[in-house]
Amino acid sequence: MAFLGKSGFLVSVFTAVLFWAYMNYPPPPLSVELKQWKRAGKFFSHGDLKIFYHDVNGTGRPEDVLFCVHGFPSASYDFAKMWEGLNGRFGRVIASDLLGLGFSDKPFNHNYTVSEQASIIEKLLKTLEVEEVHILAHDLGDTVAQELLRRFLHRQKTPSKGAHYLKIKSLCLMNGGVFPETSHPTARMKILINPWLAPLGRLSNYYTFSNSFGAVFGPDTQPSSMDFVDFYVLVRWNDGQDVLPGLLQYVAERRVNRGAWVGALQQSTIPVHMIYGPADVVNPPPFVDRYKELLPQATITVLDKHIGHYPHWEAPMSVLMAYFGFLEKVSPLAQAPAPGKT
């Protein structure tokens, strides 16, 4: 019995050591591409927190400024495949990592809200002296953009005398849960949302991450093995895996604020467009009918049937073409000649 007791103790210790090693196993190092992306960016202070962002001058018209808002659980690096094309269309392109994601700070036990994410973006753009902006958003970024649009419409109706506020010129969304009733969180997201099961999320490793994350991409447009590693590194940066449950409260916020955020799209005074990949398990094809029903004044581009939840990564050229087509209708590069002139 004593032998069994001693053996049991040794097994427990050995198991505890293995568990500690598993939980503290370092993520892979940054790839050359991620190092370059990080090196080209800057940091902006939000109180005691640091927010990572890119701000580059493009070759488009100086007055055309674009702000890109990424989704969950990734980062502004999502737009890397489109970056050169966007720089060719706009005079300035800005993209930040949302608080808790990418290279931005990831405070533990922080109350992550969509409202705060929107306020950070407004503060960043004010610091950068941007007063008018086009917005391109994806996933969680769609929800943040809806809150930015709601604020913009409110300020339009009730402007403060002499006060300046961010003016949104157009809004383009991509594969986001803008309607809670058509959005279906993945199994991993449901685990992280559940307060009793969320600790299990910390048991994730590269293989479980790549399997669950890969499920939201189209079957024929999966990220490469190196891409999966980059996405995983960005999640793990600054112990980001620990804050994912807190970030995911945006799913509940969508339901609570549905009236305000869907209402903002319905009452929009600016052009709204959606670029949609239909092989999306998070927002499956019934989304399109709901979009057309609730937003008859808005427009939508449905991409190839094989494109999933990350269209800007899976089909960047198709997204650029769709986006530039939308922009050409609402903000054409070549102005039409006045009547009687050629």
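Note that residues are indexed from 1 along each chain, following the sequence as it is written. Only residues with pLDDT of 70 or above have their local features reported here, since the model is predicted, and side-chain atom pairs are shown and tallied only from 80 upward, although totals for entire chains, interfaces and linings are computed over all residues. Water and hydrogen atoms play no part in the side-chain values, which are based on all heavy atoms of the structure.

Mapping Ser210 onto the fold places it in helix 7 (residues 206–214). A simple rule labels every residue: compare its accessible area, found with a 1.4 Å probe on the protein chains alone, to the largest value its type can have, and call it buried under 20%, exposed over 50%, or partly exposed in between. Here Ser210 falls in the buried class, since its relative accessible area comes to 12%. Throughout this description, a polar contact denotes any pair of N or O atoms lying within 3.5 Å of each other; where both atoms belong to protein, one of them has to be capable of donating a hydrogen while the other can accept it, and for residues adjacent in sequence the pair is counted only when both atoms sit in side chains. Among the polar contacts listed, one links the side chain of Ser210 to the backbone oxygen of Tyr207, at a separation of 3.0 Å. Note on conventions: DSSP H or I runs of at least 4 residues are helices, E runs of at least 2 residues are strands, and numbering of each starts at the N terminus.

Time to look at the confidence of the model for the protein chain. On average, the protein chain scores 90 in pLDDT, and the residues at 70 or more come to 89%. A score between 0 and 100, pLDDT records how confident the predictor is in each residue. Residues are treated as being in contact if the distance between any of their heavy atoms lies within 4.5 Å. Predicted confidence is poor over residues 9–23, with pLDDT under 50, and the contacts of this stretch with residues over four places away or in other chains come to 6 contacts.

Let's shift gears to the sheet that holds strand 3 (residues 61–69). Two strands make a pair as long as DSSP finds a minimum of two bridges between them. Here 8 strands make up an open sheet; going across it, the order is 1-2-4-3-5-6-7-8 and the pairing mixed. At either end of the open sheet lies a strand with only one pairing partner, and these are strand 1 (42–46) and strand 8 (299–302). Each adjacent strand pair in this sheet contributes to an overall mean axis angle of 25°, direction not counted. Sheet topology note: the strand 2 (residues 49–57)/strand 4 (residues 90–96) ladder contains 5 bridges and is antiparallel. Residue Tyr53 lies in a different strand from strand 4, and its bridge partner there is Ser96. Inter-axis angles, ranging from 0 to 180 degrees, are taken between N-to-C directions of lines fitted to C-alpha atoms, where helices are fitted over the stretch in contact.

A regular strand carries its side chains on alternate faces of the sheet. Along strand 3, 7 of the 9 residues are buried, which leaves the element largely enclosed by surrounding structure. A crossover links strand 3 with its parallel partner strand 4, the connecting element being helix 3 (residues 83–89), and its sense is right-handed. Where strand 3 lies against strand 5 (residues 132–138), 4 bridges are found, and the strand directions are parallel. Directly across from Phe67, in strand 5, lies its bridge partner Ile135. When the strands point away from the viewer and the connection leading from the first strand across the helix to the second strand turns clockwise, the crossover is called right-handed.

A few words on unusual backbone geometry. Of note, the amide linkage connecting Phe72 to Pro73 takes the cis form, showing an omega dihedral of 5°. Within the secondary structure, Pro73 sits in the loop between strand 3 and helix 3. One non-glycine residue, Asn175, lies in positive phi territory at about 35°. Note that Asn175 resides in the loop between strand 6 (167–174) and helix 6 (187–193). Assessed through its relative accessible area of 0%, Asn175 is described here as buried. The phi torsion at Asp239 lies on the positive side, around 55°, for a residue other than glycine.

Once that is clear, we can look at the pattern of salt bridges. By definition here, a salt bridge exists when the distance from a side-chain nitrogen of Lys or Arg to a carboxyl oxygen of Asp or Glu is within 4 Å. If you walk through the whole model with that rule in mind, you get 12 salt bridges. Here Arg290 ties to Glu181 by a salt bridge, and the two come within 2.9 Å at their closest N and O atoms. Linking Arg290 in helix 12 (residues 286–294) with Glu181 in the loop between strand 6 and helix 6, this pair joins segments that are 109 residues apart in sequence. By relative accessible area, Arg290 is classed as partly exposed at 24%. Each of Arg61, Glu63, Asp64, Arg89 and Lys169 takes part in a single network of salt bridges with overlapping partners.

For helix 4 (residues 114–127), which comprises 14 residues, the first-to-last C-alpha distance of 20 Å matches the rise-based estimate of 20 Å (1.5 Å per residue) to within 8%. With its phi angle positive at about 60°, Glu129 sits one or two positions after the end of helix 4. Helix span, expected: 1.5 Å multiplied by one less than the number of residues in the helix.

By convention, a stacked pair of Phe, Tyr or Trp rings (six-membered ring in the case of Trp) has centres within 6.5 Å and planes under 30 degrees apart, an edge-to-face pair has planes over 60 apart, and any other such pair is tilted. Summed over all chains, the structure comprises 25 aromatic pairs. Relative to Tyr232, the ring of Tyr206 has its centre 5.7 Å away and its plane inclined at 75°; by these criteria the two rings are edge-to-face. Here Tyr206, found in helix 7, pairs with Tyr232, found in helix 8 (residues 225–236); they are 26 residues apart in sequence, far enough to count as distant. Taken individually, Tyr206 and Tyr232 each receive the classification buried, so the pair is uniform in this respect. Judged by centre distance (5.2 Å) and plane angle (75°), the ring pair of Phe213 and Phe217 falls under edge-to-face. An aromatic cluster of at least three residues, connected via ring pairs, comprises Trp37, Tyr77, Trp83, Tyr206, Tyr207, Phe209, Phe213, Phe217, Phe231, Tyr232, Tyr310 and Trp313.

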